[in-house]
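Chain by chain, the residues:
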Amino acid sequence: MRPFFIALALFAGPVFAQDIGVESVISDQMLDFRSGDVGGAYEHASPPLQRFFGSPESFGQMVRQGYPSIWANDGVRFFDLRADGDAMVQGVEVRDTAGDLHWFDYRMVRDGAGWRIDGVTPRKAPDLAV
């Protein structure tokens, strides 16, 4: 029985560490949007996204118009984290300032600076039943 727990600990350790880093980046970006720090939010985007938008202002305008619940968020909750090739995809529940819930998949990539957000896709509400 002991080898099973050792194997489980070795397997779960890296996944847990990734989970913490991924959640921290998303939470920080949500706080940046809430406080109006578009530059800070932009810094959490992957380099390809930063090149695509070209400036924090352009990035902020896209989020305001395309993802109003993220722009005007009132908190987040995390659920499934899964691998997708070299990336991780984190499920996120966002509460907007009206109290409505919205669900997204955050595609996360790792670079020399740590985890970065490489895209956000709306999704259906997750099945959170245990």
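Being a predicted model, the structure only gives us computed values, none of them experimental. (Residues numbered from 1 in each chain as written. Predicted model: local features only at pLDDT ≥ 70, side-chain atom pairs only at ≥ 80, totals over all residues. Heavy atoms only, no water.)

Visitor: Got a sec to walk through the confidence of the model for the chain? Specific residues and values, please.
Guide: Scored by pLDDT, the chain has a mean of 87; 82% of the residues are at 70 or more. Averaged over each element, pLDDT in the chain is lowest for helix H1 (residues 2-35) (67) and highest for helix H2 (residues 38-43) (98). Overall, residues 1-18 carries pLDDT values under 50, and its contacts beyond four positions in sequence, including any with other chains, amount to 5 contacts. (pLDDT = per-residue confidence, 0-100. Helix = DSSP H or I, 4+ residues; strand = E, 2+ residues; numbered from the N terminus. Contact = heavy atoms within 4.5 Å.)

Visitor: Pulling in residues and values, what's your account of helix H4 (residues 56-66)?
Guide: By the burial criterion, the buried members of H4 are Phe59, Gly60 and Val63. Across the axial projection of H4, the buried residues extend over an arc of 100°, all falling on one side. Opposite the packed face of H4, turned more than 90 degrees from it, sit the exposed residues Glu57 and Gln65. (Buried < 20%, exposed > 50% of the residue type's maximum accessible area, 1.4 Å probe, protein only. Arc of directions from axis to C-beta.)

Visitor: So what's going on with the sheet that holds strand S3 (residues 101-111)? Residues and values would help.
Guide: Spatially, 4 strands are ordered S1-S2-S3-S4 in an open sheet, and the strand pairing comes out antiparallel. Whereas interior strands pair on both sides, the edge strands pair on one side only; in this sheet they are strand S1 (73-84) and strand S4 (114-122). Each adjacent strand pair in this sheet contributes to an overall mean axis angle of 30°, direction not counted. With 8 bridges joining them, S1 and strand S2 (residues 87-96) adopt antiparallel strand pairing. Looking across to S2, one finds that Asp84 is bridged to Ala87. (Pairing = 2+ DSSP bridges. Axes fitted to C-alpha atoms, helices over the stretch in contact; angles between N-to-C directions.)

Visitor: Which residues make up the environment of Val94, and what values go with them?
Guide: Considering the arrangement of structural elements, one finds Val94 in strand S2. Overall, the relative accessible area of 0% leaves Val94 in the buried class. Expressed as a C-alpha distance, the spacing of Val94 and Phe104, which sit 10 residues apart in the sequence, is 7.8 Å. Excluding its chain neighbours within four sequence positions, the residues that come into contact with Val94 are Met30, Ser69, Ile70, Asn73, Gly75, Val76, Asp100, Leu101, His102 and Phe104.

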